[in-house]
Amino acid sequence: MSVSRETIDRLKEFSNLVCRWNEHINLVAPSTLGLLEQRHVEDSAQLSELAPPAHTWIDLGSGGGFPGIVISILRPTTRVLLVESDRRKSVFLRTAVRNLQLNAEVIDQRIENVSPRGGDIVSARALAPLRKLIPLAIRHGVSDTTYVFPKGISYQQEIAEAKTSWEFDVDVRPSKVNKEGVILLMRNFKRV
Ligand SMILES: C[S@@+](CC[C@H](N)C(=O)[O-])C[C@H]1O[C@@H](n2cnc3c(N)ncnc32)[C@H](O)[C@@H]1O
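Rules used in this analysis
- Residues numbered from 1 in each chain as written.
- Predicted model: local features only at pLDDT ≥ 70, side-chain atom pairs only at ≥ 80, totals over all residues.
- Heavy atoms only, no water.
- Helix = DSSP H or I, 4+ residues; strand = E, 2+ residues; numbered from the N terminus.
- Contact = heavy atoms within 4.5 Å.
- Buried < 20%, exposed > 50% of the residue type's maximum accessible area, 1.4 Å probe, protein only.
- Near = heavy atom within 4 Å.
- Polar contact = N/O pair within 3.5 Å; in protein donor to acceptor, adjacent residues only side chain to side chain.
- Areas by Shrake-Rupley, 256 points an atom, 1.4 Å probe, with all protein chains shown as cover.
- Nonpolar A, V, L, I, M, F, W, Y, C, P; charged D, E, K, R; others polar.
- Pairing = 2+ DSSP bridges.
- Axes fitted to C-alpha atoms, helices over the stretch in contact; angles between N-to-C directions.

**Describing the side chain of Ser-72**
- Summarising the element assignment, Ser-72 is placed in helix α3 (residues 68-74).
- Sequence-distant contacts of Ser-72, that is, excluding residues within four places in its chain, are made with Val-80, Leu-102, Asn-103 and Ala-104.

**Topic: the environment of Phe-14**
- Among the secondary structure elements, Phe-14 is positioned in helix α1 (residues 5-22).
- What makes Phe-14 buried here is its relative accessible area of 0%.
- For the pair Phe-14 and Val-41, spaced 27 residues apart in the sequence, the C-alpha separation amounts to 9.4 Å.
- Contact partners of Phe-14, with chain neighbours within four places excluded, come to Gly-64, Gly-65, Phe-66, Ile-69, Val-70, Ile-73, Phe-92, Ala-96 and Leu-100.

**Considerations on helix α5 (residues 130-138)**
- All of the buried residues in α5 are Leu-130, Leu-133, Ile-134, Leu-136 and Ala-137.
- In this fold, the buried residues of α5 make contact with β1 (56-60), β4 (119-124), β5 (141-151), α6 (155-162), β6 (166-174) and β7 (182-191).

**A look at the site of the ligand**
- If you check the shell around the ligand, you find 15 residues, and the closest are Gly-61, Phe-66, Glu-84, Ile-111 and Arg-125.
- In the model, an oxygen atom of the ligand is placed 2.6 Å from a nitrogen or oxygen of the Glu-84 side chain.
- Within the side chain of Glu-112, an N or O atom sits 3.0 Å from a nitrogen atom of the ligand.
- Burial of the ligand by the protein chains amounts to 78% of its free accessible area of 600 Å².
- Looking at the shell around the ligand, its residues break down into four nonpolar, five polar and six charged.

**Concerning the sheet that holds β6**
- Strand order in the open sheet formed by seven strands is β3-β2-β1-β4-β5-β7-β6, and the pairing between neighbours is mixed. If you trace the sheet from one side to the other, it starts and ends with β3 (104-107) and β6, each paired once. Neighbour-to-neighbour, the strand axes of this sheet turn through a mean angle of 20°, independent of strand direction.
- The sheet contact formed by β1 and strand β2 (residues 79-83) spans five bridges and is parallel.

In structure tokens:
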């Protein structure tokens, strides 16, 4: 990842905040905290490299800010909306947005209840299998939205399952961080 010194400092500031809050709430699995930068920060940052430019990026189920806060640090001119229904996590996300003065908004509601927001990009990491994720995500997209979903080893099975209900274009990119993982760049969903 080639970014400015200032951006690296902001990513470090965010990682430090995650570590401090993780003593009180489970933002990331404690077993992954030692590898926070690689497992979570770089894994999130690679989504920004793969996705096209955007005015609005909507991250569903942002949890501890992955990828939403990382995207907002890397893309300061993109408006990032972070949807997270867990009250304590949304308080954490608001604290991160305020401390880092990010161009981002936290929506502390269930995705199903949020009015459609028309994102140029919609992302979700570790939220749900594709067949459940697609209906949640497409409510927040428009006709040319790119959907960015990091997935693990069972991604082919998830795609096959989703194809029983949906037609779509999918571009499968290897993850730079997880050798069994991929990033799905999806577009043009239509009900079968
Ligand atoms: C497994 S965590 C993943 C968090 C983060 N994206 C990551 O990769 O570390 C899933 C998150 O989605 C949130 N979530 C699950 N279902 C949701 C819903 N229907 N609406 C809003 N948030 C939801 C949970 O509270 C949780 O923080």
